[in-house]
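# Residue-level structure breakdown
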Amino acid sequence: MKVVEQYILRRTLGIFVATLFWVLAIVWTTQILTRINVVTGNGQSAATFFEIAWLVLPAVIPVVIPFAVGIAVAQTLTTMNTDSELIVISAAGSPRMTVMRPILLLAVGACIVSFAVNNFVEPYSRERLRVLISDARADLITSIVQEGTFQQVEEGLNMQIGERLPDGRLGGIFVSDAREEGIELIYYAKSGATVDLNGTNLLVMQDGVVHRKTADGVSVVQYKSYALDLSQFTASNSGPTLLPKDRTLAYLMNPDPDDPVFKKSPQGFRAELHKRFTEWMYPMVFALIALAVAGDSRSFREARVHPLLTTMTIALIVRWAGFFAADKVWNVPAFTPMMYGVPIAACGVAAFFIATNRVMELPLSVVERGQTIWTRLQQQLVAFKVRLSGYKRALPGDPV
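The model shown is predicted, which means the values in this text are computed figures rather than measured ones.

### Quick look at the overall build of the protein chain
The secondary structure content of the protein chain amounts to 14 helices and six strands. Looking at the 400 residues of the protein chain, the share that counts as buried comes to 40%. Sequence-distant contacts, at least 24 apart, represent 61% of the contacts inside the protein chain between residues at least 6 apart. Of the roughly 22,100 Å² that the protein chain leaves accessible, carbon and sulfur atoms contribute 62%.

Next up, the structure:
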């Protein structure tokens, strides 16, 4: 690799790493916050929380990598063009591949990392995450038991413990189970305790009643002692339910015919398989779009929109089309060709602009519309500041 190519690769890689770190940190934080209830609601330790945080990370990386590549390439080429570095490279007689080769090398590396994480790391992390959540729910009574608060174990299943008695027993037990359609069960007991019998967690309730409500009416059964199997709340004896996105690539290519999830939605497994075969292309798509927008050695002072903004706008449109096709193919198999067509077509269009020495830009009508909206927002902001300053001058006690 030439010195110039190493220089371009080093600059692009530096921006890529910095962008990936900060964008990944933001997205990762939002994903962690949505799962913090596993710790706060189920009484798990801090170690469990940090393990869940690390297990969420592989699912975020493939989504963020293409945007980091697009930002890094567009920003590097724009800066080099502003500093006339691209013009000097071109004037020195270097071919266009001198600029393109390090960019394409970075894009290929990002595609490989994205494919590896998406197919070999993320499925195992998702499976482990579901196991942790299942275990947290299985330990709901024995570990959390927050007095006087309702705890939602899962959709349709809620429980409350009135108090912890001095001898370790529980007082005022209330369980509402409406998971089965058409049947609602309500358990109430004055006291009870959790018992581990041959590896099975039981909630032994004393002096209570069971209300069973169906379409035919309500039946009430009073009991002195009633043992409730806690495993039925989480199906912990059969393990967590694994969805297609939790499965490995080998399993998606040859699923178990007896898998209940596969029996219910075989198209979901095929859709996930096609998604695994297309998601890795987008780092290359974003890199080629950035090259088509900002890779030519010409002045951008007459450009209608900053190259970075143009790159990300076009890339977002392409990525949205990919997400749309991936979502639709779950129910409509006819959208499968679109999943492959979107990244391939985007690469083809970007390559055409690069080969014909053209600059990819947004349509003039879109730019003018955006500029009009931006001007109106600026005018409204100025008007708001004027009104705010007038209001402050009119406050009582202010000097005239």
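### Side note on the packing of aromatic side chains
Any two aromatic rings considered together are summarised by their centre-to-centre distance and by the angle between their planes. Evaluation of the coordinates by the stated rule reveals twelve aromatic pairs. Aromatic pair Phe262 and Phe269: ring centres 5.3 Å apart, planes at 85°, arrangement edge-to-face. Here Phe262 matches Phe269 in class, with each residue buried. Where Phe352 meets Phe353, the ring centres are 6.1 Å apart and the plane angle is 85°; that geometry is what we call edge-to-face.

### A look at helix α12 (residues 307-328)
Side chains three or four residues apart in an α-helix point the same way, a direct result of the helix having 3.6 residues per turn. A rise of 1.5 Å per residue sets the reference length of α12, with its 22 residues, at 32 Å; its end C-alpha atoms lie 32 Å apart and thus fit the reference within 8%. Within α12, the full set of buried residues consists of Pro307, Thr310, Thr311, Met312, Ile314, Ala315, Val318, Arg319, Ala321, Gly322, Ala325 and Ala326.

### A word on the pairing of strand β3 (residues 170-177)
Extensive coverage of β3 is indicated by the burial of six of its eight residues. Pairing between strand β2 (residues 157-164) and β3: seven bridges, direction antiparallel. Its bridge partner lying in β3, Met159 is registered against Val175.

### Some points on the confidence of the model for the protein chain
Per-residue pLDDT for the protein chain has a mean of 82; in total, 80% of the residues score no lower than 70. Helix α13 (residues 336-355) holds the highest mean pLDDT among the elements of the protein chain, 95, whereas helix α6 (residues 140-144) holds the lowest, 51.

### Details of the state of the cysteines
The final tally for this structure, using the stated rule, is zero disulfides. Of all cysteine sulfurs in the structure, the one in Cys347 sits closest to Cys111, which takes part in no disulfide; the separation is 8.2 Å. Classification of Cys111 as buried rests on a relative accessible area of 6%.

### Notes on the pattern of salt bridges
For the coordinates displayed, the defined rule picks out eight salt bridges. Residue Arg101 is joined to Glu5 by a salt bridge in which the shortest nitrogen-to-oxygen separation is 2.1 Å. Remark: Glu5 occurs in helix α1 (residues 3-33) and Arg101 occurs in helix α5 (residues 97-138); sequence separation between them is 96 residues. For Arg101, a relative accessible area of 38% translates into the label partly exposed. One salt bridge in this structure joins Asp246 and Arg130, with 2.4 Å as the shortest N-O distance. Pair noted here: Asp246 is in the loop between α7 (231-234) and α8 (249-253) and Arg130 is in helix α5, with a separation of 116 residues, a long-range link. Overall, the relative accessible area of 2% leaves Asp246 in the buried class. Exposure remark for Arg130: the relative accessible area of 26% places this residue in the partly exposed category.

Each value, and the rule that gives it
- Residues numbered from 1 in each chain as written.
- Predicted model: local features only at pLDDT ≥ 70, side-chain atom pairs only at ≥ 80, totals over all residues.
- Heavy atoms only, no water.
- Helix = DSSP H or I, 4+ residues; strand = E, 2+ residues; numbered from the N terminus.
- Buried < 20%, exposed > 50% of the residue type's maximum accessible area, 1.4 Å probe, protein only.
- Contact = heavy atoms within 4.5 Å.
- Areas by Shrake-Rupley, 256 points an atom, 1.4 Å probe, with all protein chains shown as cover.
- Phe/Tyr/Trp six-rings, centres within 6.5 Å; stacked < 30°, edge-to-face > 60°.
- Expected span 1.5 Å × (residues − 1).
- Pairing = 2+ DSSP bridges.
- pLDDT = per-residue confidence, 0-100.
- Disulfide = S-S within 2.5 Å.
- Salt bridge = Lys/Arg side-chain N within 4 Å of Asp/Glu carboxyl O.

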